[in-house]
Amino acid sequence: MDQKVKVVIGDRLGKGQKVAKGVEQAGGIPILIPGVGADMKIGDVMNKEGADFGISFCGSGGAGALNAKTKYGYKVEYGLRSIDAGVTALRAGNKVVGFGFMDIEELGKRLTETYIKMRG
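Rules used in this analysis
- Residues numbered from 1 in each chain as written.
- Predicted model: local features only at pLDDT ≥ 70, side-chain atom pairs only at ≥ 80, totals over all residues.
- Heavy atoms only, no water.
- Helix = DSSP H or I, 4+ residues; strand = E, 2+ residues; numbered from the N terminus.
- Rg over C-alpha atoms; globule rule 2.2 N^0.38 Å.
- Buried < 20%, exposed > 50% of the residue type's maximum accessible area, 1.4 Å probe, protein only.
- Contact = heavy atoms within 4.5 Å.
- Areas by Shrake-Rupley, 256 points an atom, 1.4 Å probe, with all protein chains shown as cover.
- Lys, Arg positive; Asp, Glu negative; His and termini not counted.
- Charge placed at Lys NZ, Arg CZ, Asp CG, Glu CD.
- Pairing = 2+ DSSP bridges.
- Axes fitted to C-alpha atoms, helices over the stretch in contact; angles between N-to-C directions.
- Arc of directions from axis to C-beta.
- Core = buried A, V, L, I, M, F, W, Y, C linked by side-chain atoms within 4.5 Å.

**What to know about the overall build of the chain**
Step number 1: Secondary structure assignment for the chain yields five helices and five strands.
Step number 2: Counted from the first residue to the last, the chain has its helices and strands arranged as β-α-β-α-β-α-β-α-β-α.
Step number 3: On C-alpha atoms alone, the chain measures out to a radius of gyration of 12 Å, which is about the 14 Å that the 2.2 N^0.38 rule sets for 120 residues.
Step number 4: Principal-axis analysis of the C-alpha atoms places the extent of the chain at approximately 35 × 25 × 25 Å.
Step number 5: Counting only residues that meet the buried cut, the chain has 48% of its 120 residues in that class.
Step number 6: Intrachain contacts of the chain at a sequence separation of at least 6 include 60% that bridge at least 24 residues.
Step number 7: Working note: accessible area of the chain is about 5,900 Å², and carbon and sulfur atoms make up 51% of it.
Step number 8: Computed over 18 positive and 13 negative side-chain charges, the separation of the two mean positions in the chain equals 2 Å.

**Side note on the pairing of strand S3 (residues 53–57)**
Step number 1: Of all five residues in S3, five are buried; the element is thus mostly enclosed.
Step number 2: Neither face of S3 is exposed, since Phe53, Ile55 and Phe57 on one face and Gly54 and Ser56 on the opposite face are all buried.
Step number 3: As paired elements, strand S1 (residues 6–11) and S3 share five bridges and run parallel to each other. Within the sheet, the bridge partner assigned to Gly10 lies in S3 and is Ser56.
Step number 4: Sheet topology places S3 next to strand S5 (residues 96–99); four bridges connect them, and they run parallel. Counterpart to Ser56 in the pairing with S5 is Gly98.

**Quick notes on the sheet that holds strand S4 (residues 76–80)**
Step number 1: Taken together, the five strands give an open sheet; going across it, the order is S2-S1-S3-S5-S4, and neighbouring strands pair in parallel fashion. Strands with a single pairing partner mark the edges of an open sheet, and in this sheet they are strand S2 (29–32) and S4. For this sheet, the mean inter-axis angle between neighbouring strands, taken without regard to orientation, is 20 degrees.
Step number 2: Bridge count for S4 against S5 is three bridges, and the pairing is parallel.

**Comments concerning helix H4 (residues 83–91)**
Because the α-helix completes a turn every 3.6 residues, residues three or four places apart line up on one side.
Step number 1: Buried within H4 are the following residues: Ile83, Gly86, Val87, Ala89 and Leu90. For H4, the buried positions fall inside an angular range of 160 degrees around the axis, keeping them on one side. Exposed residues pointing more than 90 degrees away from the buried face of H4 are listed as Thr88 and Arg91.
Step number 2: Once H4 ends, the next one or two residues include Gly93, with phi positive near 95 degrees.

**So, the nonpolar core**
Step number 1: Core analysis: the biggest nonpolar cluster contains 20 residues, and Phe53, Ile55, Phe57, Val97, Phe99, Leu107 and Leu111 have the highest contact counts within it.
Step number 2: Counting residues per element, the ones that place at least two in this core are S1, helix H1 (17–25), S3, H4, S5 and helix H5 (105–119).
Step number 3: For this core, the leading source of residues is H4, giving four residues.
Step number 4: Membership of the second largest hydrophobic core comes to 12 residues, among which are Ala38, Ala68, Tyr74 and Val96.

Set out below in structure tokens:
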């Protein structure tokens, strides 16, 4: 059977609950990292959980994504400011997408739906 898509979510301020809800709505499994500074743990949790992709949030949209790239070699795109930019980044093969603060359900839902379609 098909495995569900695992999505790790890390938010600098410990948020991300709405994005996680959107991931669930699309049929994915959200793994929400708790606590302040969670974005900096995204690579570690993705690696441990065998996640399909990760969504990182901080002011610049880059710190957690770049940390994941440096530590694990994940392909990343960061500094994203829209859902469409995130969809494009996933389609381009990025494993971690970094946004400014955007804790909205539609983001988690659309990114997960995109990944599921790409996976076939």
